[in-house]
Amino acid sequence: MKRRPVLAFGALLAAAGISVGAFFAAKDNKDKDDKKKAADEADMQLFNFDGSNVNKINFNCADGDFTVELDEEDGWELASGGDFALDQTYIQNVCTYAGNLKAEASYSNDADQLASYGLDSPTVIELFTDDDSYKINVGTLSPTQDYYYVSVDGRDKVYTIDSLYGSVLRANHLMLRSKTLVPYKSGEITHITMKKGDEITYDLTHDIENDRWSLPPEYAKFDVDQTKAHSLSLVLPKVQAALDNLREADPSEIGQYGLDKPTYTAIVKGADGTERNILVNSNFDPENGYSCVYVKETGQIMLFANSDIAFVERSYLTFIADSVVHSDITSSPGFDLKTGDIDIKLELDYENKTCAVDGKTVDLTDSSANNSFYAFFNAVVTENIISLDIKAKPELKDPQLTAVLRSSDGKELTYQLTDAGNDKSYVFIDGEYTGALVSSDIVSGLNSVPDFYKQFAESAGLDK
């Protein structure tokens, strides 16, 4: 009986020994698993460097070898392999994606299998910083299209990377090329000329120093809508083709795209003295709404959705102030008006809220008279331009409307309309044709000057 505690104690020691051994064995296995996991994760991390430090890249592509170098002021420039502007965003994406490139899986680097991975003739990209270089071989897309096969220098495996990263790193000539329509920023555009066939549809000049847009001298009578002109200069630099919509052709072959007889031709000039001559076939793919564009200076052919290059369909009318108010109701002494059966002299005293028509005073504090008078006054003094024809030479005879508008400084402006046919009227100012046309609705029918006068006369008691 006395020996049992000793035996029990020995048993406890034995059990404890087994537990300690199992613990250290389990811990050793976990450490090995952790180390293997860390090693596997390290192996999957193909590159880990700051992409912003890259200053040179060599591209060995199926369609050529290219070297690009970083200029701190001008961005990425092509050092060898051709003569074309680079897609700055694409080059930057290459640096960013390569700098933190992780693999999803790895395979043995079996020479017999390289062709199936596309690594027997890969796209090779080598990136350089001041202190190091990084080289990756990019193969083909997997059958499931989920990833690309790659290999890197110093590793004896084939890896797979996400298809998004692979699609960027599987470079070619077209991916490197700039896809923008013009190489200028908004403030760098000095001149835009658009033609439809042989006819100039608009011609805009930008005074960069004063940031003002102007039209040719023959359109000097019209005020430029600066907001619309600035909008165009903002849109143009942002027009960019998708990679899949880039085409290449010798200049002698542009006829196959219908660009030998373009629908539109644009000439865009920059502050650096360069220009871009852009030919547009707007009938290239009407079913899907695509135009084909050729830029002479770069030799690049691109497809654009018609909505992306809607600026080609604009006209001078787009860029002028199409609603012109010839007299200010707050300071106008009045006007003489003759149109149809109306022949009146109107005198306005805005400060005292009265007006006189042929000597008959109207109290404009009366809301009914006031509202109808404002509508009538604005109809007389406002010119709503619906089209332009500066080449026309109409005679000033049998005017549909004549309004002599007086100003507070004693000056007068004579605004007249004559029939232009097709429900339009030519506009004359002080006896000279301006090149503008308005709708003939202004002289007849509902919401015409006579109609507004009738409403005013009724509310003011002038018809009694």
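Please read these numbers as outputs of a predicted model, since none were measured by experiment.

> Let's hear about unusual backbone geometry: which residues, and what values?
Both trends apply: most residues other than glycine have a negative phi, and most peptide bonds are in trans. The backbone of D211 sits at a positive phi, close to 50°, despite the residue not being glycine. For D211, the location among the structural elements is in the loop between strand 10 (199–207) and strand 11 (212–214). Residue D211 is classed as partly exposed on the basis of its relative accessible area of 38%. Positive phi, normally seen in glycine, also occurs at D423, with a value near 60°. Accessibility expressed as a relative area gives 61% for D423, which makes it exposed.

> Got a sec to walk through the pairing of strand 25 (residues 424–429)? Specific residues and values, please.
The element strand 25 is largely enclosed, with a buried count of 5 among its 6 residues. When strand 24 (residues 412–421) meets strand 25, the two strands line up antiparallel, connected through 6 bridges. In the strand pairing of strand 25, Q416 is matched with F428. Counted between consecutive antiparallel strands, the loop separating strand 24 from strand 25 contains 2 residues, among which N422 sits at a positive phi close to 55°. Two strands pair when backbone bridges link them, and strand 25 and strand 26 (residues 432–439) are joined in this way by 5 bridges, in the antiparallel orientation. When the sheet's bridge partners are listed, F428 is paired in strand 26 with Y433. The turn linking strand 25 back onto strand 26 is made up of 2 residues, and D430 within it adopts a positive phi angle of 50°.

> Help me get a handle on helix 6 (residues 226–235), residues and values and all.
Three or more residues of helix 6 are buried, namely Q226, A229, L232 and S233. Projected down its long axis, helix 6 carries its buried residues within an arc of 125°, all on one side. The distance from a side-chain oxygen at the start of helix 6 to the backbone nitrogen of T227 is 3.2 Å, and the residue carrying that oxygen is D225.

> Outline the side chain of Q300, listing residues and values.
Along the chain, the position of Q300 falls in strand 16 (residues 300–305). For Q300, the side chain forms a polar contact with the main-chain oxygen of R247, separated by 2.7 Å. In this structure, Q300 is in contact with L174, R177, L246, R247, V293, Y294 and V295, ignoring residues within four places of it in sequence.

> Please set out the pattern of salt bridges residue by residue, giving values where relevant.
With the rule as written, the count across this model stands at 6 salt bridges. Measuring nitrogen to oxygen at the nearest pair gives 2.8 Å for the salt bridge that ties K179 to D87. Here the residue K179 occupies a position in the loop between helix 5 (173–176) and strand 9 (189–196), and D87 occupies one in the loop between strand 3 (75–80) and helix 2 (88–99), the gap between them amounting to 92 residues. On the accessibility criterion, K179 (6% relative accessible area) is buried. Overall, D87 belongs to the buried group, its relative accessible area being 9%. With a closest N to O distance of 3.7 Å, K345 and D336 form a salt bridge.

Rules behind the numbers
- Residues numbered from 1 in each chain as written.
- Predicted model: local features only at pLDDT ≥ 70, side-chain atom pairs only at ≥ 80, totals over all residues.
- Heavy atoms only, no water.
- Helix = DSSP H or I, 4+ residues; strand = E, 2+ residues; numbered from the N terminus.
- Buried < 20%, exposed > 50% of the residue type's maximum accessible area, 1.4 Å probe, protein only.
- Pairing = 2+ DSSP bridges.
- Arc of directions from axis to C-beta.
- Polar contact = N/O pair within 3.5 Å; in protein donor to acceptor, adjacent residues only side chain to side chain.
- Contact = heavy atoms within 4.5 Å.
- Salt bridge = Lys/Arg side-chain N within 4 Å of Asp/Glu carboxyl O.

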